[in-house]
Amino acid sequence: MARLTYAMGVSLDGYITDADGDFGWGAPDEALHRYYNEQTRGLRGFVFGRRVYELMEPHWPRLARDEAAGGAEAEFARIYVGIPRLVVSDTLADVPDGVTLVRRADAAAQVRRLKEAGEGRLGIGGATLAAALFDLIDEFELRVHPVLVGGGTPYFPPLGDRAELRLVGSRTLSGVVILRYERAGAGS
């Protein structure tokens, strides 16, 4: 069964965006972007909420077509377009080739099917979507940036019950602490 991983940049005080919706403080340098590329290269698919999807598309596909582009960002773009993408939205009418549109009511069932369809890792992007599918997430990767933003969109949703996690990896890269947790009792 595939594992669903929620990986996002986060401020030291736990937010993925500040109160104004800005996340520019989390822009990766070349070394950090290369780490993101390696993590992305290993994905079987992306599952996005509409807002994250609209940030990613059409930027990365356009950059992937730019034959003159180089560096870690161009490498990411080329990896990105080769991975199946699923966007969960009730407001989008259509999506380009390589992207599957799923309505919110069908999202949990679709993600369960994707997880059951094979091995590997699936990535989930977007705090609202991650909150809605929280019980399906197997691994949490917080990329903690050395900044306090004082409020905004939290990485974790408010929980009704405690969720026990187990640290499975950590490293520091470009001043960012990368913490990987899985649900306690889950196999790696």
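For the structure itself, consult the block above.
Anyway, here's the lowdown on the structure attached to this text. The model shown is predicted, which means the values in this text are computed figures rather than measured ones.

## A few points about helix 1 (residues 30–41)
For helix 1, with twelve residues, the first-to-last C-alpha span of 16 Å sits near the 16 Å given by 1.5 Å per residue. Here the buried face of helix 1 lies against strand 3 (43–49), helix 3 (59–65), helix 4 (71–81), strand 7 (139–145), strand 9 (165–173) and strand 10 (176–183). You can read the cap of helix 1 off the contacts: a side-chain oxygen lies 3.3 Å from the backbone nitrogen of A31, and it is on D29.

## Here we look at the environment of D97
Along the chain, D97 turns up in the loop between strand 4 (85–88) and strand 5 (99–102). Taking the C-alpha atoms as reference points, D97 and R85, separated by twelve residues in sequence, lie 9.4 Å from one another.

## Quick look at the nonpolar core
Formed by 25 residues in total, the largest nonpolar core has its most connected members in L4, Y6, I124, L133, I137, F140 and Y155. Mapped by element, the contributors of at least two residues to this core are strand 1 (3–11), strand 4, helix 5 (104–116), strand 6 (121–125), helix 6 (127–132) and strand 7. Ranked by residue count, the leading element in this core is strand 1, at four residues. When sequence neighbours within four positions are dropped, the list of residues in contact with Y6 reads I16, I124, G126, A127, A130, I137, E139, F140, E141 and Y155. Membership of the second largest hydrophobic core comes to 19 residues, among which are M56, A64, A69 and A77.

## Describing the pattern of salt bridges
According to the stated counting rule, one finds 13 salt bridges in the structure shown. For E54, the salt bridge is made with R50, and the minimal N-O distance between the two is 2.8 Å. Note that E54 and R50 are positioned in helix 2 (residues 50–56) at a spacing of four residues, about one turn of the helix. Assessed through its relative accessible area of 40%, E54 is described here as partly exposed. Connected through shared salt-bridge partners, R3, E139, R166, R180 and E182 make up one network.

## Looking at helix 4
Residue pairs three or four apart in sequence face the same way in an α-helix, which turns once every 3.6 residues. Taken residue by residue, helix 4 has A72, A74, F76, A77, I79 and Y80 as its buried positions. Contact partners of the buried residues in helix 4: helix 1, strand 3, helix 2, helix 3 and strand 4.

How each quantity is defined
- Residues numbered from 1 in each chain as written.
- Predicted model: local features only at pLDDT ≥ 70, side-chain atom pairs only at ≥ 80, totals over all residues.
- Heavy atoms only, no water.
- Helix = DSSP H or I, 4+ residues; strand = E, 2+ residues; numbered from the N terminus.
- Expected span 1.5 Å × (residues − 1).
- Contact = heavy atoms within 4.5 Å.
- Polar contact = N/O pair within 3.5 Å; in protein donor to acceptor, adjacent residues only side chain to side chain.
- Core = buried A, V, L, I, M, F, W, Y, C linked by side-chain atoms within 4.5 Å.
- Buried < 20%, exposed > 50% of the residue type's maximum accessible area, 1.4 Å probe, protein only.
- Salt bridge = Lys/Arg side-chain N within 4 Å of Asp/Glu carboxyl O.

From the geometry alone we can't say anything about function, so treat these as descriptive.
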